[in-house]
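Here are the chains, one letter per residue:
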Amino acid sequence: DTKLRGIIHNASQWLDDSAANMNTMYQLHVLAPYLINFGLAELVNQAPRCDVIHICDDTASRGSSNHVAYAATKSALLNMMLSFAKLYGTNARVNAISPGLLYLKEGESEEYARTTIAKARLAFEPGSEPIIKAVDYLLHTALRERASDIHLEAFETHSVVRYRVDGTLRDIVSPRRALHNALVS
């Protein structure tokens, strides 16, 4: 008896703008998660609890003049996440995490690195560890608390993570507002 606990869509490629690269990024960022989500839909809906997490990007909600194709395909992934949240049954929690800078683009100049880090919310290249820790923390804590769902809400000065337990929303953690877009979309 096969059971599915979750799906994390984390594949990503950051290519320069061109029609060919747009197609490559579309296939990876949009088509592959689409096919996986539909291909596993029966298992997702049969699971007593299933988390489907799409790793998007901060540019999905704000755009990018330097990386139009990348931002467009990540935006499509973000929108598709909203559609699958409506499509799947009530036992599936479908979310997105839209981090800011995790990695600098390989092969770019030192000037690019300085400029990019200067614009970033964190003044360094953090790598994937913050995302792994955030997902791990949210899922494990929600399971331990027997939460039916996770809410991440942004306010003017801060964000709040809430778990619904026995029908009641409970505040869990309140990160600074500047970190909200790095956690969710």
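Residues numbered from 1 in each chain as written. Predicted model: local features only at pLDDT ≥ 70, side-chain atom pairs only at ≥ 80, totals over all residues. Heavy atoms only, no water.

Participant: I would appreciate a short explanation of the overall build of the protein chain in the present structure.
Facilitator: Secondary structure assignment for the protein chain yields seven helices and six strands. Listing each helix as α and each strand as β along the protein chain from the N terminus yields β-α-α-β-α-α-β-α-α-β-β-β-α. Relative to a compact globule of 185 residues, whose C-alpha radius of gyration would be 16 Å, the protein chain shows 17 Å and is just as compact. Along the three orthogonal principal directions, the C-alpha set of the protein chain runs to about 50 × 40 × 25 Å. Across the 185 residues of the protein chain, 38% fall into the buried class. Pairs at least 24 apart in sequence give 59% of the contacts found in the protein chain among residues at least 6 apart. Split by element, the accessible area of the protein chain, about 10700 Å² in all, is 54% carbon and sulfur. Side-chain charges in the protein chain split into 19 positive and 20 negative, and the spacing between the mean points of these groups amounts to 6 Å. (Helix = DSSP H or I, 4+ residues; strand = E, 2+ residues; numbered from the N terminus. Rg over C-alpha atoms; globule rule 2.2 N^0.38 Å. Buried < 20%, exposed > 50% of the residue type's maximum accessible area, 1.4 Å probe, protein only. Contact = heavy atoms within 4.5 Å. Areas by Shrake-Rupley, 256 points an atom, 1.4 Å probe, with all protein chains shown as cover. Lys, Arg positive; Asp, Glu negative; His and termini not counted. Charge placed at Lys NZ, Arg CZ, Asp CG, Glu CD.)

Participant: What is the right way to read the nonpolar core from this model?
Facilitator: Note that soluble globular proteins tend to have their nonpolar side chains buried in a common cluster. Of all hydrophobic cores here, the largest spans 19 residues; its most connected members are Val44, Cys50, Val52, Leu78, Tyr88 and Val94. When contributions to this core are tallied by element, the ones reaching two or more residues are helix H2 (41-46), strand E2 (50-55), helix H4 (68-87) and strand E3 (92-97). For this core, the leading source of residues is H4, giving five residues. Counting residues in hydrophobic clusters, the runner-up holds 14 residues, among them Ile97, Ile131, Val135 and Leu138. (Core = buried A, V, L, I, M, F, W, Y, C linked by side-chain atoms within 4.5 Å.)

Participant: Sorry, what's going on with the packing of aromatic side chains here?
Facilitator: Between two aromatic rings, the relevant description is the distance of the centres plus the angle of the planes. Under the defined criterion, the tally for this structure stands at five aromatic pairs. Aromatic pair Trp14 and Tyr70: ring centres 5.9 Å apart, planes at 45°, arrangement tilted. Taken together, the positions of Trp14 in the loop between strand E1 (6-9) and helix H1 (19-39) and Tyr70 in helix H4 put the pair 56 residues apart, joining distant regions of the chain. When its relative accessible area of 24% is taken as the criterion, Trp14 is described as partly exposed. Relative accessible area serves as the criterion here: at 8%, Tyr70 is assigned to the buried category. (Phe/Tyr/Trp six-rings, centres within 6.5 Å; stacked < 30°, edge-to-face > 60°.)

Participant: What should I look at first to understand the side chain of Thr73 in this one?
Facilitator: In this fold, Thr73 is placed in helix H4. The residues contacting Thr73, other than those within four sequence positions of it, are Met22, Met25, Tyr26, His29 and Val30.

Participant: Mind showing me how you'd approach a nonpolar patch on the surface here?
Facilitator: Residues Tyr34, Leu35, Phe38 and Leu87 make up a contiguous nonpolar surface patch of about 390 Å² in total accessible area. Examining the composition of the nonpolar patch, we find that three residues originate from one element, H1, more than from any other. Turning to its location among the elements, Leu87 is positioned in helix H4. (Patch = residues over 30% accessible without salt bridge, like charges linked within 9 Å, V, L, I, M, F, W, Y side chains within 5 Å. Salt bridge = Lys/Arg side-chain N within 4 Å of Asp/Glu carboxyl O.)

Participant: So what exactly am I meant to see when it comes to the side chain of Arg162 here?
Facilitator: Structurally, the position occupied by Arg162 is in strand E5 (residues 159-165). Looking at Arg162, its side chain comes within polar contact range of the side chain of Asp171, at 2.6 Å. Leaving out residues up to four positions away in the same chain, Arg162 has contacts with Asp149, Ile150, His151, Glu153, Phe155, Leu169, Arg170, Asp171 and Ile172. (Polar contact = N/O pair within 3.5 Å; in protein donor to acceptor, adjacent residues only side chain to side chain.)

Participant: Would you explain unusual backbone geometry in this entry?
Facilitator: Backbone geometry at Arg146 places phi at a positive 60°, although glycine is not the residue there. Mapped onto the fold, Arg146 is located in the loop between helix H6 (129-144) and strand E4 (149-154). For Arg146, a relative accessible area of 70% corresponds to the exposed category. Phi at Asp166 takes a positive value of approximately 50°, unusual for a residue other than glycine. In this structure, Asp166 sits in the loop between E5 and strand E6 (168-173). With a relative accessible area of 75%, Asp166 lands in the exposed category.

Participant: I would appreciate a short explanation of the sheet that holds E2 in the present structure.
Facilitator: Either a parallel or an antiparallel arrangement is found when strands of a sheet pair, and the pairing is made through backbone hydrogen bonds. The three strands are arranged E1-E2-E3 in an open sheet whose pairing can be described as parallel. Each edge of the open sheet carries a strand with a single partner, namely E1 and E3. Geometrically, the sheet is characterised by an average inter-axis angle of 10° between neighbouring strands, direction not taken into account. By the bridge criterion, six bridges tie E2 to E3 in an arrangement that is parallel. What sits directly across from His54, in E3, is Ala96. The sheet contacts of H1 involve E1 and E2, and relative to E1 the element is tilted by about 170°. Of the strands in this sheet, E1, E2 and E3 are in contact with H6, which crosses E2 at around 160°. (Pairing = 2+ DSSP bridges. Axes fitted to C-alpha atoms, helices over the stretch in contact; angles between N-to-C directions.)

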